[in-house]
Amino acid sequence: MRDIFAIALTLLFSVGAHAGILKGRVTDTSGASLPYATVYIQGTTIGVNANANGDYELSTGTGTFKVVCQYVGYKAATYSVTFSGAETNIHNFKLRDEATEMKEVIVSASGEDPAYAVIRKAIARRKFHLDQLQSFSTGIYFKGVMRSRKLPGKFMGKEINAAGMGVDSSGKGVLYLVEQDADYYSNGEKEKTIIHSVHESGNKSGLGFSQFPSVISFYKNNIDVIGDGSRGYISPVSENALSYYRYKMLGTFMDHGRMINKIQVVQKRLYEPCFNGVIYIADDEWAIHSLDLSLVKQSGMDMIDTLRVEQVYLPLKEDLWVIKSQVMYFAVNFMMFDITGQGVAVYNRQKINEEVNDSVLSGKFVSIYDKTANKVDTSHWQNRPVPLAEDEAKDFVVKDSIAQKRADPVYRDSIRRKGNKFRPLGTLIGETSFSGKEYKTTVSFNSLLMGLDGNNIINYNTVEGLNIAPKINIKRKLDTGKTLVVDLAPRYGFSNERFNSIGRVYYLTRDRKWLNRTWLFGIEGGRYVFQFNPDNPVIPMLNTYRSLFARENDLKIYERSELSVIARRNYGNGFSWKIRTSFQDRIPLENSDSLSFARGDRGGYTSNLPTVGGTAQPWQPHKAMIVTAGFSFKPGFTYTQYPDYKVANGSSWPRFNIEFQKGFAGVFNSATDFDKWNFSITDDVRLKLLGSISYNVSVGGFLNSTYVSLADMKHLNGMRGVGYAAPYLNSFQFAPYYLFSNVAPIYGEAHLEYHLNGLLSNKIPLLRQARYYLLVGGNAFYSDADHFYTEAFIGIDNIGWKLVRFLRVDFVQSWDSYLGRNSGIRLGINMRGVAVSRNNPLDSEW
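The paragraphs below set out a description of the structure included in this document.

The rules we used
- Residues numbered from 1 in each chain as written.
- Predicted model: local features only at pLDDT ≥ 70, side-chain atom pairs only at ≥ 80, totals over all residues.
- Heavy atoms only, no water.
- Salt bridge = Lys/Arg side-chain N within 4 Å of Asp/Glu carboxyl O.
- Helix = DSSP H or I, 4+ residues; strand = E, 2+ residues; numbered from the N terminus.
- Buried < 20%, exposed > 50% of the residue type's maximum accessible area, 1.4 Å probe, protein only.
- Axes fitted to C-alpha atoms, helices over the stretch in contact; angles between N-to-C directions.
- Parallel < 35°, antiparallel > 145°, perpendicular 65-115°, else oblique.
- Contact = heavy atoms within 4.5 Å.
- Core = buried A, V, L, I, M, F, W, Y, C linked by side-chain atoms within 4.5 Å.
- Pairing = 2+ DSSP bridges.

1. Examining the pattern of salt bridges
Tallied over the entire structure, the rule returns 39 salt bridges. Between Lys143 and Glu392 there is a salt bridge; the shortest N-O distance is 2.7 Å. Pair noted here: Lys143 is in strand 9 (residues 136-150) and Glu392 is in helix 5 (residues 390-407), with a separation of 249 residues, a long-range link. Accessibility assignment for this pair places Lys143 and Glu392 in one class, buried. One salt-bridge network, held together by shared partners, links Asp487, Arg504, Glu524, Arg560, Glu562 and Arg580.

2. Description of the packing of helix 5 against helix 6 (residues 409-419)
Following both chains from N to C, one finds helix 5 and helix 6 inclined at 75°, their axes separated by 5 Å at the closest point. Viewed along their axes, helix 5 and helix 6 adopt a mutual orientation that is roughly perpendicular. Residues Lys405, Arg406 and Ala407 of helix 5 form the contact with helix 6, whose participating residues are Pro409, Tyr411 and Arg412.

3. So, the nonpolar core
Residues Phe218, Val225, Tyr247, Ile263, Phe275 and Leu307 are the most contacted members of the largest nonpolar core, which totals 76 residues. By residue number, the principal contributor to this core is strand 21 (residues 320-334), which donates 8 residues. Contact partners of Phe218, with chain neighbours within four places excluded, come to Ile223, Ser235, Pro236, Val237, Phe275, Ile288, Leu291, Leu293, Val309 and Gln311. Core analysis: the second largest hydrophobic core is formed by 26 residues, Ile502, Tyr528, Val708 and Ala711 among them.

4. Focus: the pairing of strand 17 (residues 258-267)
The pairing of strand 16 (residues 245-255) with strand 17 spans 10 bridges and is classified as antiparallel. Considered in strand 17, the bridge of Met249 is made with Ile263. Adjacent in sequence and paired antiparallel, strand 16 and strand 17 are bridged by 2 residues, among which His256 carries a positive phi angle near 50°. Pairing geometry for strand 17 and strand 18 (residues 276-282), over 6 bridges, is antiparallel. Note that in strand 18 the partner of Val265 across the bridge is Gly277.

5. Some thoughts on the side chain of Ser680
Structurally, Ser680 is set in strand 40 (residues 673-686). Not counting the four nearest positions on each side in its chain, Ser680 is found in contact with Arg655, Phe656, Asn657, Asn696, Val697 and Ser698.

Right, dumping it as structure tokens:
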């Protein structure tokens, strides 16, 4: 629930305690509440916002103050109040609709609406207003709340505990509530948020949100409103706005001596990334006074149904306006979940173009929590800038009571036992897990028949026939950040009557003060069957289907006994390394079963030995001593410092990887004798409105190839059949599995995808309504003129429904050095949404 809320909200908070208190309610002339109206002291940026019911509470010092109440679409009202000490004054603001104040709009002789003249001037001044904030600091108070309007009784076969979520029997109530108090600093190049306090309902250790932009600036051409890295949305005052929007002057009115233009904004074409609503522009300065803009599905939104943004700006001085408040509303309706949310951010103590101390912005931390941020006393929140609504105040009490109950060891153990109940459907299609007392020990098993990762307990192949291959994972928490893991993978083939089993024990430790920093050390040993390509391109579940119903045995395997030592170190700063030393005894296997339900003349099964370069590859039993070492580096990491630990936030830089593998001849009778290396660069580049480009480019080869076993060759990660589930940026959609396997002294490999993310497809009726996106790309391998493979494709991505969108379909055309030309349709799974095991039978963290 918290993740859904994080999609739509964006900001934070702060205000101090003062002597006098002015409180009351903000309504229109009919008495209807005006939620989140802005109330501030005239001539300053000190102020608050009303809550969802229109209730406000403003703390002041002693003296006489003119207090202004402002709400988008209504005429501002002013009230004078005098405080001589710690006293409370009650005043209710009643605001009149601006329509009653509007002057007549005169359309020019050319027929152009006068709004266009105002918008052109605002666009001309856009960059001035954007660049005038060379430095900016502000206090921010943020309150976010997510409410349910309806919940299903069950979800994916599991009962939903509505009462435990603070929701009533009708499915209505507060799902998530948080308030935060922070300071924000920016010098145009760096930014930092210092979070002083967090109050999360039902979670005394809750940390809320660590990073929010200071304000959504509509002076930018492209606006990433929901922070999901999508194409973004076009501002109504962007330099190209006239190509995307229609404008209508709704009238003008005076606000504290300034003429304000009220302009309706409408997107010209459906499914363009555009807003709809009203924007208010101050005359002469051509600055944004306030706005009320919305995004809907017809704006190209994916994750949520509607998103509405309200902003109010104040003139700090002539020709310099600052944000005072921002309110965001969102709604999501998915699979009987009907959820709404609001996030209100109140800005105080704004400072524009004043020097920010270098020490504040030094280092690589973008967010820092005070040590006691989530431990402040409840009295800290008594003078909050946005009063709690009645259900919010109740939620804090109820959720805190529920949290105490959940902390009770007896209750926790009852929940654990309930979670350990056997569920036949869950066992069939997903992982099954059981937890021991206090969740210190967890045991899990892979899916029986239809797991999303394709590695099921029951499978079929021509070597073993029907086989049973459970994978058992046992985790034991030894201490905070320290875990002992045991992986077991027994396997029995009914046709070849062969039992194999492999296991691994490894110790994983995570730095308590730096959560991304980890150590892993383990030992692996036993006997098992492996694919010749260590990237495991053939998914067992798909091979079972193709064998039984198409008589095609894509899975080529050999038997291996081994003893390996593995170690891995992640420094938490973008740099990591890994090393594996392995002694192996490799034995070839032959087909032992030919069961198939395929109809017609489809031919027989092929040999279990792969064909390399058009000829059968000879392969004899042998021993191998192999050492593999790899290094990975992604520069540019930034960090968040929480009260007790820090976490890396990632980086926009590419990732650089280098791997070296050596086969040692003569060590324990090892026959392998080779030196293989590979260097790669991967990245995902966001192009805003133009979409995104993802690439994986590598170069490598064999420095020495005296004795290279089939299992140690350079293989292309290929695929056959209509279905496709390999990671797209690491594979070829039409390449045969082993035809291009080689020991070339040098080769190059490239994978490129351009995701248009709605560009062009929003012009095609069926695609734009379904929100399917176009993509193009290509994959290529080259070692010399006699060994190359290339393919190009055009496809449709984002196929699915509502939030579940992980399918894609491609038309692929390939060319290769063996004069092969293939074209066809490939249905696939977007691996960014579904994890498929690729590494080895134990699904290790290696």
